[in-house]
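# Fold and contact review
Chain by chain, the residues:
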Amino acid sequence: MTIEKKVRAYTNIALIKYWGKRDEAAILPTSSSLSLTLDAFYTETSVAFKEDITQDTFYLNGVLQNEAATQKVSRFLKLFREPTGIQTPALIKSTNFVPTAAGLASSASGMAALAGAANLASGLNLPDQELSTYARRGSGSATRSIYGGFVEWQMGTSSEDSYAVPIDDANWDIGMLVVVVNSRQKEVSSRDGMKNTVETSPFYAGWLESTAKDLIEIKKAIHSHDFQKVGEITESNGMKMHGTMLGANPPLSYWEPYSVVAMQLVRQLRKEGIPCYFTMDAGPNVKVLCRLSDSEKIKARFAEVFRTEQLIVSRPGKGLQIMSN
Ligand code: 2P0
């Protein structure tokens, strides 16, 4: 008998970015990072070890997945099988809850939900901090999705101490507008993009030095609820990460024309006295950090340029949730 519980994990957006590994296999980062968990985008996953199936079987959004996708899950489940001795095949059911047309299916929420469900089903019952090191082995950004609000992923010194730490519950008039510029699958995965950047960008040493300072400053700003400072550091840190990519060989850029349009609109809104700041990840979409109380006003201005289905406002999200079946 295994306990089949659904676990929900929310995605997160980094304000201080993770962009590079020092150990590819263990997914150990070259720097610490810090994110905001969002409640508008999440994944729900259940894992059940079953005697009546012959091999691991993975359904995503109700669709049986092929061997490659299933193998990725099986590789991850090995982390839970090894310490428990469980050999039984697993039935994994996962659903991504992403507003229509957003195309923001995320490895952060996906791997964090899988880690949470496997933790219950295997009976390993790791505490959250240790569970975050397991989620990390699936995908770096998943480390941070174990917790809600502002979360730091400490780079650590080894696989055991490279984990997430909750910093603040973000329950102080913080929100994010996600501007979906393009929901197509990206051409260069973040895994490949960051590897190439670490190996070839002459700006990388400067990035490491600068992001370490940004992390210290943003934590101070979060603790004093200084929204402007949090926003300024976020915008600057994201741009510096994209700067390292432009310096890579071959150069890498995830921006599209409408990404720049969105960034310019953020700057214009600031000129008009509405505090908001942008960040971008390994794709063309723009995330606007704002006061939750300003979010509808900001969304209305973006709606003059973008379709409303491209604009999703989110509040801060919670940590892993065990759902009642
Ligand atoms: C982040 N990104 O901190 C950064 C900023 C994208 C840009 O984490 O190779 O899917 O699985 O560890 O976590 C996206 O990379 O990469 C990411 P892997 P992941 O959110």
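Rules behind the numbers
Residues numbered from 1 in each chain as written. Predicted model: local features only at pLDDT ≥ 70, side-chain atom pairs only at ≥ 80, totals over all residues. Heavy atoms only, no water. UniProt positions renumbered as here; feature names shortened; annotations may be inferred. Helix = DSSP H or I, 4+ residues; strand = E, 2+ residues; numbered from the N terminus. Rg over C-alpha atoms; globule rule 2.2 N^0.38 Å. Buried < 20%, exposed > 50% of the residue type's maximum accessible area, 1.4 Å probe, protein only. Contact = heavy atoms within 4.5 Å. Areas by Shrake-Rupley, 256 points an atom, 1.4 Å probe, with all protein chains shown as cover. Lys, Arg positive; Asp, Glu negative; His and termini not counted. Charge placed at Lys NZ, Arg CZ, Asp CG, Glu CD. Near = heavy atom within 4 Å. Polar contact = N/O pair within 3.5 Å; in protein donor to acceptor, adjacent residues only side chain to side chain. Nonpolar A, V, L, I, M, F, W, Y, C, P; charged D, E, K, R; others polar. Domains from an automatic or database assignment. Core = buried A, V, L, I, M, F, W, Y, C linked by side-chain atoms within 4.5 Å. Buried area = accessible area lost by both parts, 1.4 Å probe. Salt bridge = Lys/Arg side-chain N within 4 Å of Asp/Glu carboxyl O. Pairing = 2+ DSSP bridges. Axes fitted to C-alpha atoms, helices over the stretch in contact; angles between N-to-C directions. Patch = residues over 30% accessible without salt bridge, like charges linked within 9 Å, V, L, I, M, F, W, Y side chains within 5 Å.

Looking at an unreviewed UniProt entry, one finds the protein named diphosphomevalonate decarboxylase, with Carnobacterium antarcticum as its source organism. Quoted verbatim from the Sequence similarities (unreviewed entry) field of the UniProt record, the comment on the protein reads "Belongs to the diphosphomevalonate decarboxylase family."

### Some details on the overall build of the protein
A tally of regular secondary structure across the protein gives 8 helices and 14 strands. Over its C-alpha atoms the protein spans a radius of gyration of 19 Å, differing by no more than 12% from the 20 Å that the globule rule assigns to 325 residues. When the 325 residues of the protein are sorted by exposure, 54% land in the buried category. When contacts within the protein are restricted to residue pairs at least 6 apart in sequence, those whose partners lie at least 24 apart make up 75%. By element, 50% of the accessible surface of the protein is carried by carbon and sulfur atoms, the whole surface being about 14,400 Å². Treating the 35 positive side-chain charges of the protein as one cloud and the 34 negative ones as another, the clouds have centres 2 Å apart.

### Here's the deal with the site of the ligand
Near the ligand lie 17 residues; those nearest to it are Tyr-18, Lys-21, Ser-139, Ser-141 and Arg-191. Measuring from an oxygen atom of the ligand, one finds a side-chain N or O atom of Ser-141 at 2.7 Å. Contact with the protein chains removes 92% of the 470 Å² of surface that the ligand exposes when unbound. Of the residues forming the shell around the ligand, the biggest block, 3 residues, is contributed by helix 4 (residues 190-200). Counted by class, the shell around the ligand contains 7 nonpolar, 5 polar and 5 charged residues. Each of domain 1 (6-171) and domain 2 (175-314) gives at least three residues to the shell around the ligand.

### Quick look at the side chain of Lys-287
With respect to the helices and strands, Lys-287 occurs in strand 12 (residues 286-290). By relative accessible area, which is 8% here, Lys-287 ends up buried. Reaching out from Lys-287, the side chain makes a polar contact with the side chain of Asp-281 at a distance of 2.9 Å. Beyond its immediate sequence surroundings of up to four residues, Lys-287 is in contact with Ile-13, Met-176, Leu-177, Val-178, Tyr-277, Phe-278, Thr-279 and Asp-281.

### Some details on the nonpolar core
Val-47, Phe-80, Ile-92, Leu-114 and Leu-131 are the most contacted members of the largest nonpolar core, which totals 32 residues. Put simply, the parts of the chain that give this core at least two residues each are strand 1 (6-16), strand 4 (33-49), helix 1 (67-84), strand 7 (90-97), helix 2 (107-121) and helix 3 (128-138). Looking at this core element by element, the count peaks at 9 residues for helix 2. Setting aside residues up to four positions removed in sequence, Phe-80 forms contacts with Ala-115, Ala-118, Asn-119, Ser-122, Leu-124, Leu-126, Leu-131 and Tyr-134. One finds Ile-13, Leu-15, Leu-215 and Ala-221 within the second-largest nonpolar core, a separate group that totals 27 residues.

### Concerning the UniProt feature "domain: Mvd1 C-terminal" (unreviewed entry) in the protein
Under the present numbering, the feature "domain: Mvd1 C-terminal" (unreviewed entry) in UniProt falls on residues 176-310. Secondary structure content for residues 176-310 is 55% helix and 10% strand, and the end C-alpha separation is 13 Å.

### Details of the domain arrangement of the protein
Looking at the protein, the domain boundaries give domain 1 (6-171) and domain 2 (175-314). Contacts between domain 1 and domain 2 engage 33 residues on the former and 43 residues on the latter. Contact between domain 1 and domain 2 buries roughly 2,900 Å² in total, counting both sides, with carbon and sulfur atoms accounting for 70%. Taken together, the connections running from domain 1 to domain 2 amount to 2 salt bridges. With its nearest N and O atoms 2.6 Å apart, the salt bridge here joins Lys-17 to Asp-281. Ranked by residues supplied to the side of domain 1 that touches domain 2, first place goes to strand 4 with 7 residues. Of the residues assigned to the side of domain 1 that touches domain 2, the class counts are 18 nonpolar, 9 polar and 6 charged.

### Remarks on the sheet that holds strand 10 (residues 175-179)
Taken in spatial order, the 4 strands of this open sheet run 11-12-10-13, and their pairing is antiparallel. Two strands close off the open sheet at either side, each with one partner strand: strand 11 (276-280) and strand 13 (311-314). The average angle at which neighbouring strand axes cross in this sheet is 25 degrees, direction not considered. Its contacts with the sheet place helix 6 (residues 227-246) against strand 11 and strand 12, and it is angled at close to 25 degrees to strand 11.

### Regarding a nonpolar patch on the surface
On the surface, a cluster of nonpolar side chains totalling about 210 Å² of accessible area is made up of Met-239, Trp-255 and Val-260. Here Val-260 falls in the partly exposed class, since its relative accessible area comes to 32%.

### Brief notes about unusual backbone geometry
Residue Pro-250 is bonded to the preceding Asn-249 through a cis peptide linkage, with omega at 0 degrees. Considering the arrangement of structural elements, one finds Pro-250 in the loop between helix 6 and helix 7 (257-271). Even without a glycine there, the phi angle at Asn-61 is positive, about 50 degrees. Examined against the element boundaries, Asn-61 turns out to sit in the loop between strand 5 (57-60) and strand 6 (63-64). In this structure, Asp-173 takes a positive phi of about 60 degrees despite not being glycine. The topology assignment puts Asp-173 in the loop between strand 9 (164-168) and strand 10. Accessibility expressed as a relative area gives 31% for Asp-173, which makes it partly exposed.

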